[in-house]
Amino acid sequence: MGQSAAFFDLDKTVIAKSSALAFGRPFYRDGLISRRDVVKSAYAQLMFRLGGTDEQTMARTRDYLAALCKGWRVEQVQQIVAETLEELINPYVYAEAAVLIGEHQAAGRDVVLVSASGDEMVRPIGELLGVTDVIATRMGIVDGRYSGEVEFYAAGPSKVDGVRELADERGYDLAECYAYSDSSSDLPLLEAVGRPSVVNPDRTLRRVALERSWPVLEFRHPVPLGRRLRERPAVPVAAAALGLGVGVAIGLALYGRHRRTRAAPA
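Residues numbered from 1 in each chain as written. Predicted model: local features only at pLDDT ≥ 70, side-chain atom pairs only at ≥ 80, totals over all residues. Heavy atoms only, no water.

Explain the overall build of the chain here, please?
When helices and strands are tallied, the chain shows 11 helices and nine strands. Buried positions account for 53% of the 266 residues belonging to the chain. Excluding contacts between residues fewer than 6 apart, the proportion of contacts in the chain whose partners are at least 24 apart in sequence is 61%. Put simply, the chain shows about 12,500 Å² of open surface, and 50% of that area lies on carbon and sulfur atoms. (Helix = DSSP H or I, 4+ residues; strand = E, 2+ residues; numbered from the N terminus. Buried < 20%, exposed > 50% of the residue type's maximum accessible area, 1.4 Å probe, protein only. Contact = heavy atoms within 4.5 Å. Areas by Shrake-Rupley, 256 points an atom, 1.4 Å probe, with all protein chains shown as cover.)

Help me understand the sheet that holds strand β2 (residues 110-118) in this model?
Neighbouring strands of a sheet are bound in pairs by backbone hydrogen bonds; such pairs are parallel or else antiparallel. The strand order across the open sheet built from seven strands is β4-β3-β2-β1-β5-β6-β7, with neighbouring strands paired in mixed fashion. The open sheet terminates on both sides in strands that have one partner only, identified here as β4 (145-152) and β7 (216-217). By the bridge criterion, four bridges tie strand β3 (residues 133-142) to β4 in an arrangement that is antiparallel. Following the sheet pairing, I141 is matched in β4 by Y146. (Pairing = 2+ DSSP bridges.)

Could you clarify how one ought to interpret the nonpolar core in this entry?
Generally speaking, nonpolar side chains in soluble globular proteins are found buried as a group. In this structure, F8, V14, F27, W72, I89 and L113 are the most contacted members of the largest nonpolar core, which totals 45 residues. Considering every element that reaches this core, the biggest residue donor is helix α5 (residues 74-88), with six residues. Residue contacts for F27: discarding those within four places in its chain leaves L32, I33, W72, V77, I80 and M121. Ranked by size, the runner-up nonpolar core spans 26 residues in total, among them F7, L166, C177 and V193. (Core = buried A, V, L, I, M, F, W, Y, C linked by side-chain atoms within 4.5 Å.)

When you look at the packing of aromatic side chains in this model, what are you seeing that I'm missing?
Describing an aromatic ring pair means giving the distance of the ring centres and the angle of the ring planes. Per the counting criterion, the structure on display carries five aromatic pairs. Ring geometry for F7 versus Y172: centroids 6.2 Å apart, planes at 75°, classification edge-to-face. With F7 in strand β1 (residues 5-9) and Y172 in the loop between α8 (157-170) and β5 (178-181), the pair connects residues that are 165 residues apart, well separated along the chain. What links up through ring pairs into an aromatic cluster is the set F23, F27 and W72. (Phe/Tyr/Trp six-rings, centres within 6.5 Å; stacked < 30°, edge-to-face > 60°.)

Which parts of the structure should I look at to understand unusual backbone geometry?
Negative phi characterises most residues that are not glycine, and trans characterises most peptide bonds. Residue K12 is not a glycine yet carries a positive backbone phi of 65°. Among the structural elements, K12 can be located in the loop between β1 and α1 (19-22). We classify K12 as partly exposed; its relative accessible area is 29%. Positive phi, normally seen in glycine, also occurs at N200, with a value near 45°.

Help me understand the packing of α5 against helix α7 (residues 119-128), please; the structure alone is not making it clear to me.
Any two packed helices are characterised by the angle at which their axes cross and by the distance between the axes. Interaxial distance between α5 and α7 falls to 10 Å at its minimum, and their mutual angle equals 35°. Classified by chirality, the crossing of α7 by α5 is right-handed. For the pair α5 and α7, the contacting residues are V74, V77, Q78, V81 and L85 in the first and E120, M121, P124, I125 and L128 in the second. Taken together, the residues of the contact of α5 with α7 sort by class into eight nonpolar, one polar and one charged. (Axes fitted to C-alpha atoms, helices over the stretch in contact; angles between N-to-C directions. Left-handed = near helix turned anticlockwise from the far one by under 90°. Nonpolar A, V, L, I, M, F, W, Y, C, P; charged D, E, K, R; others polar.)

Before we go on, may I ask you to explain a negative patch on the surface in this structure?
A grouping of D161, E165, D168 and E169 is seen on the molecular surface, where their side chains present a negatively charged patch. By secondary structure assignment, the location of E169 is in helix α8. Given the relative accessible area of 61%, E169 is considered exposed. (Patch = residues over 30% accessible without salt bridge, like charges linked within 9 Å, V, L, I, M, F, W, Y side chains within 5 Å. Salt bridge = Lys/Arg side-chain N within 4 Å of Asp/Glu carboxyl O. Lys, Arg positive; Asp, Glu negative; His and termini not counted. Charge placed at Lys NZ, Arg CZ, Asp CG, Glu CD.)

So this is what it looks like as structure tokens:
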């Protein structure tokens, strides 16, 4: 049996917002995008979330983002993310997700963030969480600037390609791996592992989870890192775990107490 891993989608699963849109304000402030770009980016994100499983929608979103970023200096983007990470992301990390990540790591599993957002955004967020492994969108770079080409778009089925490549490299047994996501666009990711769970699921994903008896987790408590460390014993985990035939959600559990075995890592 190979080593096991836990794969976490990022937006609305680990953090309570869109990681890409979170940096829109500093990008606008530093002149990387216009006010019109802010609106178009928000619309593109909405369209992806509403119809993300459609190949044409994913292709349009990918091409739009590639064109938007063309010519940006990579160093400038990295600097903006580093300077604003504490303000824009840290307060929005779900306490439940942070605890769950810690439990997987304590059990000896690798934790991997898998996100359609750019690597330059996702990797620092992973570092904030103590996660070093990231599968994210990679943009082409020429002479220190984004070329307008996408080398790897980590969305939909492409996420699974990245997961399987990493599994082959490290010897993960995907049947023993975990995956967590909120979006029906990540059904391929959830189906690729033996232990899928859905988090704050959209309507389509909730229906699929109930049909397949997948655990359904409700994360509701974004808490800054410093407070999480001070109050760790009282951090709530896995607010609800729903299976096929279960008519009501299980009440909010406290960390270390009353966790359902199937909803929390073994």
